[in-house]
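Residue-level structural notes
One-letter residues, chain by chain:
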Amino acid sequence: MLEKIVTKFGGSSLANAHQFKKVRNILELEPARRYLVPSAPGKRFKEDEKVTDLLYSCWTLNHNGEDFNSQFDKVAARYTDIARDLSLKIDINAHLEEVRAGIAAGNSRDWCASRGEYLNGLLMADYLGWRFVDSAKGIRFDENGNLDEEKTQELLSGLLADGVSSVIPGFFGARADGEVQTFSRGGSDITGALVARAVNADVYENWTDVSGFLMADPRIVDNPAEIGSITYKELRELSYMGASVFHEEAMFPVHKAGIPTNIRNTNKPYHPGTFICLNAPNEVYVPTITGIFGHKGYTVISVEKVMMNNEIGFGRRVLQVLENHGISFEHVPTGIDNMCVVVSSESLAPCREQVLAEIGELVKDSGSVTVHDGMSIIATVGRGMVHSCGTAARLFSAMSKARINVRMIDQGSGELSILVGVDDKDYEATIRAIYHEFVG
Ligand code: ASP
């Protein structure tokens, strides 16, 4: 039997009173759901504005010496509507006026943005009759602005040790001096993961407006299949390539603590969603591939040098040039006398000429440096690949049948993914070819 479930609800799940009611119904279905991490109210309809965006713009207006009041009135209306529609007892106006005064007083940008989840947490705690726990007291950032994981674990587990059902607002924490700081956008997922670890939850449920992950981008593949279960390692590979439902940094605390995450849909509460597990040990059937995602817009810097193989330290010197310019490299496929460095074209753009000149200096007259732009990288990820032979053969023959030229191949020894580089123009066709080969 499950004892402790931490639930996190995203902005669209908490956009109005109607959504609040759905959340309460979900909590009532399972008594172990005793901790709730809310986002700020999101969009109610396509053209609507997210409260967090409105708060950022209030801060900017005030910072530029302009009047932010009419913008803040939109924020206030979101909360007063919910409080009125749910007949809440809380005096939300008093809290709203405190926030308005804080913005006018020039409080920090992070503080302003964090009030979206703070106020939503107050409403939710009142609606459920649960305790409100201020995340500024439980989530700690160090003096450099990095999350202090150890201190956070100590503070949060202390605050929640009594097992009382609690609402802990997402997205922010504070430094030791009390200065509020937020995570990056979408960071309430991280708060949920930290709370799950602090209470040693059986499951971390992340409720959103989709029923989990899809095997491919629905803008490319028609009606892609849903992913029922995925391991944290696979998810890391897929989200690195752009599959976004769950904040990348949220994976680490729960993975480390051995807590599974379940992505669920607030609008379809009985749908099982996607289960993110540690290593899926008891599976009867493991699909060969779990998902296919990719990215356009890479540049390949190809370095040729006679007897490169004998020159110890050459690769390091090439990568050092990129490091000196603050560019992260994605892949480094190598040959005997050549190495390729794949970087995002966007990150290279500001210092492209300089980087190429410096790498050129390293090869001087005994080699060459060439550059190819417009490459896409596609990752086919699957824990099932380890158990089945011939996956790579199937993948490449599917590509060749679709007349796609493979520009780069990279498979880690973990056998968790196969990466292929193709021309940007072949990006969509490659994803479709691989999907149809393995999924049908
Ligand atoms: N409200 C914040 C954002 O819009 C954080 C979150 O929703 O997770 O980014």
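Structure first, text after, so check above.
Residues numbered from 1 in each chain as written. Predicted model: local features only at pLDDT ≥ 70, side-chain atom pairs only at ≥ 80, totals over all residues. Heavy atoms only, no water.

Regarding the sheet that holds strand S12 (residues 291-305)
Read across the open sheet, the six strands follow the order S13-S14-S12-S15-S17-S16; overall the sheet is antiparallel. Only two strands of the sheet have a single neighbouring strand rather than two, namely strand S13 (329-331) and strand S16 (408-411). Sheet twist, expressed as the average angle between the axes of neighbouring strands with direction ignored, equals 35°. By the bridge criterion, twelve bridges tie S12 to strand S15 (residues 367-381) in an arrangement that is antiparallel. When the sheet's bridge partners are listed, Gly291 is paired in S15 with Val381. Each of S15, S16 and strand S17 (417-423) touches helix H14 (residues 391-401); the most contacted strand, S17, lies at about 20° to it. (Pairing = 2+ DSSP bridges. Helix = DSSP H or I, 4+ residues; strand = E, 2+ residues; numbered from the N terminus. Axes fitted to C-alpha atoms, helices over the stretch in contact; angles between N-to-C directions. Contact = heavy atoms within 4.5 Å.)

Focus: the nonpolar core
Of all hydrophobic cores here, the largest spans 63 residues; its most connected members are Val6 and Phe246. Those residues within four positions of Val6 in sequence are excluded, and the remaining contacts are Tyr35, Val37, Gly192, Val195, Ala196, Val199, Ala201, Val203, Tyr204 and Glu205. Leu36, Val51, Leu88 and Val99 belong to the second largest nonpolar core, which has 43 residues in total. (Core = buried A, V, L, I, M, F, W, Y, C linked by side-chain atoms within 4.5 Å. Buried < 20%, exposed > 50% of the residue type's maximum accessible area, 1.4 Å probe, protein only.)

Considerations on the environment of Leu147
Relative to the helices and strands, Leu147 is located in the loop between strand S4 (140-141) and helix H7 (149-159). Along the backbone, Leu147 and Phe183 are 36 residues apart, and their C-alpha atoms lie at a distance of 8.6 Å. Leaving out residues up to four positions away in the same chain, Leu147 has contacts with Ile139, Arg140, Phe141, Thr152, Phe183 and Leu194.

A closer look at the sheet that holds S4
With respect to topology, three strands assemble into an open sheet ordered S4-S6-S7, the strand pairing being mixed. Since the sheet does not close on itself, it has two edges, and those belong to S4 and strand S7 (180-182), each with one partner. As paired elements, S4 and strand S6 (residues 172-175) share two bridges and run parallel to each other. Looking across to S6, one finds that Phe141 is bridged to Arg175. The sheet strands contacting helix H5 (residues 109-128) are S6 and S7, and the helix crosses S7 at an angle near 75°.

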